[in-house]
Amino acid sequence: MHQYSMLSDDFFINLNLCTEMTLPSSRDTVLNFFERVQKSFPTMRNFYNRGESGFMLEEDKEETGRQRWMSLEAQRICSGYLNPKDPEDSLEQHKLMLELVPYMLSVSPLDCEALDYVVGFDFSYQGNHDALVAEVLGSNHAIDSLLQIPGARALNYEPSITLSLDDSCRCQARLLIETRTNAYQVRREDYSDEQISVFFTLRQYGSQTAETKLEDTLLNLKAKSDQLMNDYVIDQVLRPLAQAISAK
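Residues numbered from 1 in each chain as written. Predicted model: local features only at pLDDT ≥ 70, side-chain atom pairs only at ≥ 80, totals over all residues. Heavy atoms only, no water.

Student: How do you make sense of the pattern of salt bridges when you look at a structure like this?
Tutor: A side chain with one charge can pair with a side chain of the opposite charge if their charged atoms come near. A complete count under the given rule lists 10 salt bridges for this structure. The salt bridge involving Glu 73 is made with Arg 50; its shortest N-O contact spans 3.9 Å. In this pair, Glu 73 sits in the loop between β4 (67-72) and β5 (76-82) while Arg 50 sits in the loop between β2 (44-49) and β3 (55-59), placing the two residues 23 residues apart along the sequence. You can call Arg 50 partly exposed: its relative accessible area is 34%. In this structure, the salt-bridge partner of Asp 116 is Arg 203, at a minimum N-O distance of 2.5 Å. Here Asp 116, found in strand β6 (residues 112-125), pairs with Arg 203, found in strand β9 (residues 194-205); they are 87 residues apart in sequence, far enough to count as distant. In this structure Asp 116 comes out as buried when scored by relative accessible area, which is 6%. Put simply, Arg 50, Glu 73 and Arg 76 are held in one network by salt bridges that share partners. (Salt bridge = Lys/Arg side-chain N within 4 Å of Asp/Glu carboxyl O. Helix = DSSP H or I, 4+ residues; strand = E, 2+ residues; numbered from the N terminus. Buried < 20%, exposed > 50% of the residue type's maximum accessible area, 1.4 Å probe, protein only.)

The structure is reproduced here in structure tokens:
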């Protein structure tokens, strides 16, 4: 069992390709693209037209919670895998998407607005999400002092930081924590068993050269993500959250 699956209730690895130009949306083009995806992953057999949100092809959600999916929007193509046995299992699917889009959807490296490699984790917690995140990740005198105000209770605390990883600022890393507690729940002290989400995104901005393969960019982003996850995110963010939830 991979360590990601032991850190949270669910985890996922997604790839998002954002384009400068509008993607083709004709019936034949859309169906041919998803039929080609289905040929490689036959269990992806649920196809949906989501109106303005585009089109979706996905698997049935297994008892284990695993699920592959792929979507096509006006200016974005997304590939995702929920709870893979191993993060490497998602790579084949993401690479297939990038291999298909140049000749099936007319996407070139020049048309690339941004490529995102996203690793996400969901933690189920029936309590005040914002108070928990502030408790675990506050560690800042200004934040901690605010939490000591008599009668004060955290209503919104969603830390987010974006870092440049090169001099051009075209390669960036972003850590975002998303909570789902609202004021009504805090007022009544009646919390639903919703999830706290942690997103760690590696993004490559901008058009790429004609010689560049999008698959190579994906591999570079994945390598940087793996290193940063191991060096910083797992022990400093994910494990403290998991430990705090288990102690409640």
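Student: Sorry if this is basic, but what is going on with the environment of Arg 170 here?
Tutor: Structurally, Arg 170 can be placed in the loop between β7 (160-164) and β8 (171-178). In sequence terms Arg 170 and Tyr 103 are 67 residues apart; their C-alpha atoms lie 26 Å from each other.

Student: How should the sheet that holds β7 be read in this particular structure?
Tutor: Note: strands within a sheet are paired through backbone hydrogen bonds, in either parallel or antiparallel orientation. Across the sheet, which stays open at both edges, the 9 strands sit in the order β2-β3-β4-β5-β1-β6-β9-β8-β7 with antiparallel pairing between neighbours. Both outer strands of the open sheet, β2 and β7, are each paired with one neighbouring strand and no more. Taken pair by pair, the neighbouring strands of this sheet meet at an average axis angle of 15 degrees, ignoring direction. Contacting β1 (10-19), β6, β8 and β9, helix α7 (residues 214-247) crosses the sheet at an angle of about 20 degrees to β6. (Pairing = 2+ DSSP bridges. Axes fitted to C-alpha atoms, helices over the stretch in contact; angles between N-to-C directions. Contact = heavy atoms within 4.5 Å.)

Student: How do you make sense of the packing of helix α3 (residues 88-104) against α7 when you look at a structure like this?
Tutor: Each pair of packed helices can be described by the angle between their axes along with the distance between the axes. For the pair α3 and α7, interaxial distance at closest approach is 9 Å and the crossing angle is 150 degrees. Between α3 and α7, the angle is such that the two are roughly antiparallel. Viewed along their axes, α3 and α7 form a crossing whose handedness is right-handed. Side by side, α3 and α7 meet where Glu 88, Leu 91, His 94, Lys 95, Leu 98, Glu 99 and Val 101 of the first sit next to Leu 214, Glu 215, Leu 218, Leu 219 and Lys 222 of the second. Taken together, the residues of the contact of α3 with α7 break down into 6 nonpolar, 1 polar and 5 charged. (Parallel < 35°, antiparallel > 145°, perpendicular 65-115°, else oblique. Left-handed = near helix turned anticlockwise from the far one by under 90°. Nonpolar A, V, L, I, M, F, W, Y, C, P; charged D, E, K, R; others polar.)

Student: Looking at this structure, how should I read α3?
Tutor: Three or four residues apart is the spacing at which side chains of an α-helix point the same way, because the helix has 3.6 residues per turn. Over its 17 residues, α3 runs 25 Å from end to end, which matches the ideal 24 Å to within 8%, given 1.5 Å per residue. Considered for burial, the residues of α3 that qualify are Ser 90, Leu 91, Gln 93, His 94, Leu 96, Met 97, Leu 98, Leu 100 and Val 101. In this structure, the buried residues of α3 make contact with β1, α2 (27-40), β4, β5, β6 and α7. Ser 106 sits one or two positions beyond α3 and adopts a positive phi of about 60 degrees. (Expected span 1.5 Å × (residues − 1).)

Student: Just to check I follow, could you spell out the pairing of β2 for this structure?
Tutor: Along any regular strand, the residues point their side chains to alternate faces of the sheet. In this structure, β2 lies alongside β3, joined through 5 bridges in antiparallel fashion. Each residue of the ladder has a partner; that of Phe 47, found in β3, is Leu 57. Between the antiparallel neighbours β2 and β3 lie 5 residues, among them Gly 51 with a positive phi of about 65 degrees.

Student: Even after reading the chapter, I still don't get the side chain of Ser 197, so can you show me in this structure?
Tutor: Position of Ser 197 relative to the elements: it lies in strand β9. In terms of polar contacts, Ser 197 uses its side chain to reach the side chain of Asp 122, at 2.5 Å. Beyond its immediate chain neighbours, meaning those up to four positions away, Ser 197 contacts Phe 121, Asp 122, Leu 176, Ile 177, Glu 178 and Arg 180. (Polar contact = N/O pair within 3.5 Å; in protein donor to acceptor, adjacent residues only side chain to side chain.)

Student: Would you mind showing me how to read the packing of helix α4 (residues 129-137) against α7 here?
Tutor: Where α4 meets α7, the axes come as close as 10 Å, and the angle between the chain directions of the two elements is 125 degrees. Classified by the interaxial angle, the pair formed by α4 and α7 is oblique. α4 and α7 meet at a crossing whose hand is right-handed. Together, Leu 132, Val 133, Val 136 and Leu 137 of α4 and Gln 236, Val 237, Pro 240, Leu 241, Ala 244 and Ile 245 of α7 make up the contact between the two elements. In the contact of α4 with α7, the residues fall into 9 nonpolar, 1 polar and no charged.

Student: How should I be thinking about the packing of aromatic side chains in this particular structure?
Tutor: Overall, the coordinates contain 7 aromatic pairs when judged by the stated rule. Here Tyr 4 and Phe 11 contribute two aromatic rings whose centre-to-centre distance is 5.7 Å and whose plane-to-plane angle is 80 degrees, an arrangement assigned as edge-to-face. Residue Tyr 4 shares its accessibility class with Phe 11, and that shared class is buried. Relative to Phe 55, the ring of Phe 47 has its centre 6.1 Å away and its plane inclined at 0 degrees; by these criteria the two rings are stacked. Among the aromatic residues, those joined into a ring-pair cluster are Phe 33, Phe 34, Phe 47 and Phe 55. (Phe/Tyr/Trp six-rings, centres within 6.5 Å; stacked < 30°, edge-to-face > 60°.)

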